[in-house]
Amino acid sequence: MAKYNPQQIETKWQSYWEAQKTFKTGEDKSKPKYYCLDMFPYPSGAGLHVGHPEGYTATDIICRYKRAQGFNVLHPMGWDAFGLPAEQYAIQTGTHPAITTKKNCDNFRRQIKRLGLSYDWDKEINTTDPKYYKWTQWIFTRLYNTWFDEALQKGRPIAELPIPADVEAKGTAEIRKYKDSKRLAYYADAQVWWCKHCKIVCANEEVLNDGSHEKCGTKEVERRNLKQWLMRIPLYGDRLLKGLDKLDWPQGVKDMQKNWIGKSLGAEVDFAIADANGNATENKLRVYTTRCDTLFGATYMVVAPEHALVPTLTTPEQKEAVEAYVHAAALKSDLDRTELAKEKTGVFTGSYAVNPLTGSKIPVWV
């Protein structure tokens, strides 16, 4: 038997597949359809890593099997090419990100073709292509101009939003503010990792356990509230839960989805902030609880370091300690802050809340 020569045999058949468009999506309407979608990689300058072909090989086996069974198989590949790393690389090198992104995509495509994976390259997608992202922009404008009708459990055009009479009486500015509070896409503060050295937002996985930024190596990473676009996805929680019952998925996967949605039934309770004499003021802290019967035994109140009322709640005597604690918390990862095995930490704000059921004062901690 002749020795297997991959350089000769592999390149011969890969060239043939490309010239003959062997894996082009079939259009014979008498055949059943099969759509297999891989996760599109982010094309970095480092090229493919072992995790890419590990997953792509499995889907390639399925696609070849389905073609052999007579299916029209749609198996596309694309590039999730927008991202902060491309911007950061452009800043560091002075090279336009369009140039480096194209170069990276070309390299990824070459490597994937050398692996002999059966993609229909006529269906290739690149998220930096204006012909592609014009549709993501179109989707965003649809979300921005939509509100969620809870009675119908569906989105409706913002032009159809009923405006309360008291809001309408206050004029155009208040009407606009009310509409903005109902849009599915909205602009607000949200917590992000910020690298002061690179002056960019970091992904969670880019912040190492020691608090340093994986890209630049400095420890100038902290939590910040920055303005960004958010989506009112929780409004669709009930629809998502009901839809799970109709899916032919493993029960374990459906349970994970239910836990992620995390629906619970409870009540919101207002705790008034006490003045110097211990009397309730108009300032309130609202809490959510699934066990109202436990409120009788409440002995203290806790607010997150990022809570908007922390500066208001902090007395002059506690200002230095609270600010130091808030700063320290901003340097911790989500895992560090939620690790149940660790000792609880906190700082007294100097303020007290009034238990609405007992009338007793309880200290407020960060």
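A. Quick peek at the environment of A173. In this fold, A173 is placed in helix α7 (residues 172–180). In the structure, A173 is positioned 52 residues away from N225 in sequence and 26 Å away in space, judged by C-alpha atoms.

B. Structural view of the nonpolar core. Core analysis: the largest hydrophobic core is formed by 16 residues, its most contacted members being F271, L285, M301, V303, A353 and V364. Counting residues per element, this core draws most heavily on strand β10 (residues 267–274), which supplies 3 residues. Discounting residues that sit within four places of it in the chain, F271 has contacts with N283, K284, L285, V287, L295, M301, A353, V354, N355, P356 and I362.

C. Layout of the sheet that holds strand β9 (residues 221–231). With respect to topology, 3 strands assemble into an open sheet ordered β8-β7-β9, the strand pairing being antiparallel. Every interior strand has two partners, whereas the edge strands, β8 (200–202) and β9, have only one. Along the sheet, successive strands turn relative to each other by an average axial angle of 55°, direction set aside. Bridge analysis of strand β7 (residues 185–195) against β9 gives 11 bridges, and the strand direction is antiparallel. Among the inter-strand pairings, V192 is bridged to a residue of β9, identified as R224.

D. The arrangement of unusual backbone geometry in detail. With a phi angle near 50°, K21 is a residue other than glycine that sits in the positive phi range. Tracing the chain through its elements places K21 in the loop between α1 (6–20) and β1 (33–35). Phi is positive for K199, which is not a glycine, with a value near 60°. Position of K199 among the secondary structure elements: in the loop between β7 and β8. Overall, the relative accessible area of 59% leaves K199 in the exposed class.

E. A look at the sheet that holds β10. The strand order across the open sheet built from 5 strands is β11-β10-β13-β14-β12, with neighbouring strands paired in mixed fashion. The outermost strands of the open sheet, each flanked by one partner alone, are β11 (280–289) and β12 (301–302). Pairing geometry for β10 and β11, over 7 bridges, is antiparallel. The partner of F271 across the bridge, within β11, is L285.

F. Molecular detail of the packing of helix α8 (residues 237–244) against helix α9 (residues 251–261). Two numbers describe how α8 lies on α9: the axes approach to 10 Å, and their chain directions differ by 170°. Considering their axes alone, α8 and α9 lie roughly antiparallel with respect to each other. For the pair α8 and α9, contact is made by G237, L240, L241 and L244 and by K254, Q257, K258 and I261, respectively.

G. A look at the environment of C36. Mapped onto the secondary structure, C36 falls in the loop between β1 and α2 (51–68). Between the C-alpha atom of C36 and that of D166, which follows or precedes it by 130 residues, the distance is 52 Å.

H. Looking closely at the pattern of salt bridges. Tallied over the entire structure, the rule returns 21 salt bridges. Of the charged contacts in the structure, one is a salt bridge between K24 and D122, with a shortest N-O distance of 3.4 Å. Of this pair, K24 sits in the loop between α1 and β1 while D122 sits in the loop between α4 (97–114) and β4 (125–126), placing them 98 residues apart in sequence. Classification of D122 by relative accessible area gives partly exposed; the value is 42%. The partner of D238 in a salt bridge is K263, and the shortest N-O contact between them spans 2.8 Å. One end of the pair, D238, is in helix α8; the other, K263, is in the loop between α9 and β10, and 25 residues separate them in sequence. Judged by its relative accessible area of 31%, D238 falls in the partly exposed class. If you follow the salt bridges from partner to partner, you end up with K102, D106, R109 and E124 in one network.

What counts as what
- Each residue is numbered by its place in its chain's sequence as written, counting from 1.
- At least 70 in pLDDT is required for a residue's local features to be given in this predicted model, at least 80 for side-chain atom pairs to be given and counted, and no such filter applies to totals for whole chains, interfaces and linings, which use all residues.
- The side-chain numbers reported here are obtained from all heavy atoms of the structure, hydrogens and water having been left aside.
- Secondary structure elements are taken from DSSP: a helix is a run of H or I of four residues or more, a strand is a run of E of two residues or more, and numbering for both begins at the N terminus.
- The criterion is simple. A nonpolar core is a set of buried Ala, Val, Leu, Ile, Met, Phe, Trp, Tyr and Cys residues joined through side-chain atoms within 4.5 Å.
- Working definition: with a 1.4 Å probe on protein chains only, accessible area under 20% of the residue-type maximum means buried, over 50% means exposed, and in between means partly exposed.
- Any two residues whose heavy atoms approach within 4.5 Å are treated as being in contact.
- Strand pairing is assigned whenever DSSP detects at least two bridges linking the two strands.
- Interaxial angles span 0 to 180 degrees and are taken between N-to-C directions of axes, which are lines fitted to C-alpha atoms, for helices over the stretch in contact.
- Our angle categories are set so that under 35 degrees counts as roughly parallel, over 145 as roughly antiparallel, 65 to 115 as roughly perpendicular, and the remainder as oblique.
- Any Lys or Arg side-chain nitrogen found within 4 Å of a carboxyl oxygen on Asp or Glu counts as a salt bridge.

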